[in-house]
Amino acid sequence: MTRAHNFNAGPAALPTEVLEKAQKELTNFNNTGMSVMELSHRSADYEEVHNNAAALMKELMNIPDDYEVLFLQGGASLQFSMLPMNFLPEKAPGNYVLTGSWSEKALKEAEAMGPTKVGGSAKETNYTYIPAFDSLDMDNDDAYVHITSNNTIFGTQWQDFDYDWKAPLFADMSSDILSRPIPVERFSVIYAGAQKNLGPSGVTTVIIKKSLIENEKSGVPTVLKYSTHSKANSLYHTPPTFAIYMLNNVLEWIKANGGAEGMEKRNKQKSDTIYAAIDESSGFYTGHAEKDSRSRMNVTFTLPSEDLTKAFLTEAKENGFIGLNGHRSVGGCRASIYNAVTQESCDALASFMKKFHESNR
Ligand SMILES: *Cc1c(COP(=O)(O)O)cnc(C)c1O
């Protein structure tokens, strides 16, 4: 059985080596005579996995000591609510930069909890670009700034964060965490559902500045407070143990493959391969994103007509390319090429795109 060319947007491809390791250890982890899933979350064997995953996050992302790494549940979507629930005061607004559907969803949750403003938006073009820094409306009095580092659906990505954000910066990095080096010290909160770049669904990683936790609002339910999880080393209640075990294995794999720098190198080469197939097609394929805002994780494109797009997707599927349908809100095609997607899969897709173009000119 060969592995599929998996371009799913999330849950997404996992490294084959990681799956094989999990398979080998499935019924007898570390000579315990049981699966990781069957261990107590208070056992030494599990705690080692749990603590190792947090330590690897810190090491691979170069996270300073004044930050906590938390493993929570509820997905990135719960963070949309949990952040304003804890950090949005009655008077100062949460400042949201809209670069896609996920930013809109984050804003909607904050609106239910306090004052908000939109400090930048690319909505008018259906999110084809990332707003320029000098167009943003930032203020020292904002409670915080919220951005989405990579726009999974539209295929745009912040190229850097080198800007004076004026207020604590919160970032949803669900679809590009650990795909490249990031200056963590510029952020107060980074969060990501694991199912794109870090592992299976079920665990959400939150990197949060310790001093911010001290400013939590009162009256928030226990499980929805960051301090609860920070005090308990993310073991206040039963964590998603198997998902964290898989996360740990993925982090070991990232480390063995050159860390964040290694991932960036792979991802540059992979995305260049597919963007070249678009750019060298004389307009047969059109990218959704403007060139200087292109994502190295989600490559979005269309063909000259609805019918050709449909034929492309059908033929691609017949040839073993999975998950290329664009999100229903954009249409067209999308190749999600997270860390675990191989250069071979990208090469195969690029040559399929060329062949399809040649037979449909
Ligand atoms: C997938 C995704 C989400 C949603 O994550 P869940 O874990 O399903 O809640 C949020 N933001 C971005 C940028 C995403 O790509």
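The name that an unreviewed UniProt entry assigns to the protein is Phosphoserine aminotransferase, with the source organism given as Sinobaca qinghaiensis. Per its UniProt entry, the protein bears the Pathway (unreviewed entry) comment "Amino-acid biosynthesis; L-serine biosynthesis; L-serine from 3-phospho-D-glycerate: step 2/3." Turning to the protein, the UniProt record has this under Function (unreviewed entry): "Catalyzes the reversible conversion of 3-phosphohydroxypyruvate to phosphoserine and of 3-hydroxy-2-oxo-4-phosphonooxybutanoate to phosphohydroxythreonine."

Close contact between helix H1 (residues 16–25) and helix H7 (residues 241–256) brings their axes to 9 Å; oriented N to C, the two are set at 135°. In terms of orientation, H1 lies oblique with respect to H7. Note on packing geometry: the crossing formed by H1 with H7 is right-handed. Note on element contacts: H7 touches H1 through Tyr-245, Met-246, Asn-249, Val-250 and Trp-253, opposite Glu-17, Val-18, Leu-19, Lys-21, Ala-22 and Glu-25. Of the residues assigned to the contact of H1 with H7, the class counts are 7 nonpolar, 1 polar and 3 charged.

Often, the extent of an interface is quoted as the loss of accessible area upon association of its parts. Domain boundaries assigned for the protein yield domain 1 (16–256) and domain 2 (259–359). For domain 1 and domain 2, the distance between their C-alpha centroids amounts to 27 Å. Taken residue by residue, the interface counts 28 residues in domain 1 and 26 residues in domain 2. Taken together, the two surfaces of domain 1 and domain 2 that pack against each other cover about 2100 Å², and 53% of this comes from carbon and sulfur. At the junction of domain 1 with domain 2, the criterion picks out 0 salt bridges.

Analysis parameters
- Residues numbered from 1 in each chain as written.
- Predicted model: local features only at pLDDT ≥ 70, side-chain atom pairs only at ≥ 80, totals over all residues.
- Heavy atoms only, no water.
- UniProt positions renumbered as here; feature names shortened; annotations may be inferred.
- Axes fitted to C-alpha atoms, helices over the stretch in contact; angles between N-to-C directions.
- Helix = DSSP H or I, 4+ residues; strand = E, 2+ residues; numbered from the N terminus.
- Parallel < 35°, antiparallel > 145°, perpendicular 65-115°, else oblique.
- Left-handed = near helix turned anticlockwise from the far one by under 90°.
- Contact = heavy atoms within 4.5 Å.
- Nonpolar A, V, L, I, M, F, W, Y, C, P; charged D, E, K, R; others polar.
- Domains from an automatic or database assignment.
- Buried area = accessible area lost by both parts, 1.4 Å probe.
- Salt bridge = Lys/Arg side-chain N within 4 Å of Asp/Glu carboxyl O.

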